[in-house]
Amino acid sequence: MTTTQTRKPTLKDRLTGWAGKRSPWVLHINTGSCNGCDIEIVDSLTPRFDVERFGVRLVDTPRHADVLLVTGPVTRQMAPRLKRLYDQTPEPRYVIAVGTCATSGGVFHSHYNTLGGVDQVIPVDMYIPGCPVAPEALIDAIYKLLEGEDLDEAELPAEARLERPESMESLPEDAIAGADEESPPKAIAEGDER
Amino acid sequence: MSIVPGRVIPEAIRTLFRGRVTSRYPAEEPDKPERFRGRLEFDESKCTGCGLCARNCPADALEVTREEDGTITWRYDVSRCIYCGQCVETCPVGSIINTKEFELAGDEKGEFVREHQFERE
């Protein structure tokens, strides 16, 4: 994501980045996946593949996460939630699109109810094709991501953002409708009972 | 369920000599099953350009176009492929095969598209 103002990384940022590179904490988000990729993510945490030997740890909240593992083709209902989860993740943050659906929409690429890929909503740093992805492919992607990124040299936004970010406007209009409690989804607003 | 010491101790001793179960993946090659379906490999010398693979593809990952001068373009989008193997089954001349390659992760979406261009009469 292009932020307008950036500052140079301080010593504290460098330390955070250094630690994040050696022990990325991941949050798993399902945005309408068939559960194939979700099970592969869980699979990679089992003793057989054991991503924890690389310091990868599954966390419960985006506020603790460094890397978001997003599965699924992003349904219209999930899109604003995905955006919110992304905004709640502290920087530096990285997004991995896990699976064919998250990468390009896959078999759901032209459906009316999906947006066709995570990059339609939030910026993605690494795509993993595969249906479902092999646990080794997931390890490979995390490895490639952390090798490629200079986490301790990353440019950070000048100020912490407290309000809803302007990037919300990049969502399709009807997808945003459900995100704001003050403006309910179109169908409810018009009194459509379904 | 209660823990019976008479069962736990023999199990613990057995586990001591069983070795590790964790695969040493990045250091060693993973043992994928023999019929693992990974990225497609295309042999353009065999292809006749009939387009059956593209018609059978459930994810629209394949696209075969034929120009008037006989130039055939075989376009494969790795990011959309679901590795079902339908194209491999369908191809009448066997020009498509599944490889065991699965380390496909990349940060550029444009790199996922592979194109082959060749001439046929």
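The structure we're discussing is the one just above.
Residues numbered from 1 in each chain as written. Chains lettered and ligands numbered in written order. Predicted model: local features only at pLDDT ≥ 70, side-chain atom pairs only at ≥ 80, totals over all residues. Heavy atoms only, no water.

(A) Here's a closer look at the overall build of chain B. Each helix and strand counted, chain B has 3 helices and 5 strands in total. Secondary structure elements in chain B, listed N-terminal to C-terminal, are α-β-α-β-β-α-β-β. Judged by the C-alpha coordinates and their principal axes, chain B covers about 80 × 30 × 25 Å. Within chain B, the fraction of its 121 residues that count as buried is 35%. Within chain B, counting contacts between residues at least 6 apart in sequence, those at least 24 apart form 70% of the total. For chain B, the computed accessible surface area is about 8200 Å², with 48% contributed by carbon and sulfur atoms. Placing the 18 positive and 23 negative side-chain charges of chain B at their respective mean positions leaves the two points 12 Å apart. (Helix = DSSP H or I, 4+ residues; strand = E, 2+ residues; numbered from the N terminus. Buried < 20%, exposed > 50% of the residue type's maximum accessible area, 1.4 Å probe, protein only. Contact = heavy atoms within 4.5 Å. Areas by Shrake-Rupley, 256 points an atom, 1.4 Å probe, with all protein chains shown as cover. Lys, Arg positive; Asp, Glu negative; His and termini not counted. Charge placed at Lys NZ, Arg CZ, Asp CG, Glu CD.)

(B) Quick look at the nonpolar core. Grouped together as the largest cluster of nonpolar side chains are 40 residues, with contacts concentrated most on L68(A), L82(A), V95(A), V118(A), L62(B), W74(B) and Y76(B). Only β2 (25-30), β4 (67-71), α3 (79-88) and β5 (94-98) of chain A together with β1 (40-42) and β3 (71-77) of chain B provide two or more residues apiece to this core. Here the element with the most residues in this core is α3(A); it accounts for 4 residues. Setting aside residues up to four positions removed in sequence, L62(B) forms contacts with L40(B), C53(B), A54(B), C57(B), W74(B), R75(B), Y76(B) and C87(B). In terms of nonpolar packing, the next biggest core, distinct from the first, is built from 25 residues, F49(A), L145(A), L146(A) and A105(B) among them. (Core = buried A, V, L, I, M, F, W, Y, C linked by side-chain atoms within 4.5 Å.)

(C) Representation of the pairing of β2(A) in the model. Residues and elements named next belong to chain A. Pairing of β2 with strand β3 (residues 57-58), which is carried by 2 bridges, proceeds in the parallel orientation. When the bridges of β3 are listed, V26 appears paired with L58. Bridge analysis of β2 against β4 gives 5 bridges, and the strand direction is parallel. Its bridge partner lying in β4, I29 is registered against V70. (Pairing = 2+ DSSP bridges.)

(D) Structural detail: the packing of aromatic side chains. Tallied over the full model, the rule gives 7 aromatic pairs over all chains. Between W74(B) and Y76(B), the aromatic rings sit 5.8 Å apart at their centres with planes inclined by 40°, giving tilted as the arrangement. With a relative accessible area of 1%, Y76(B) lands in the buried category. A network of ring pairs unites the aromatic residues F42(B), W74(B), Y76(B) and F118(B) as a single cluster. Here the basic side chain of R57(A) rests over the ring of W25(A), its NZ or CZ set 4.7 Å away from the ring centre. In this structure, R93(A) packs its charged tip against the face of Y86(A), placed 4.0 Å from the ring centre. (Phe/Tyr/Trp six-rings, centres within 6.5 Å; stacked < 30°, edge-to-face > 60°. Lys NZ or Arg CZ within 6 Å of the ring centre and 35° of its normal.)

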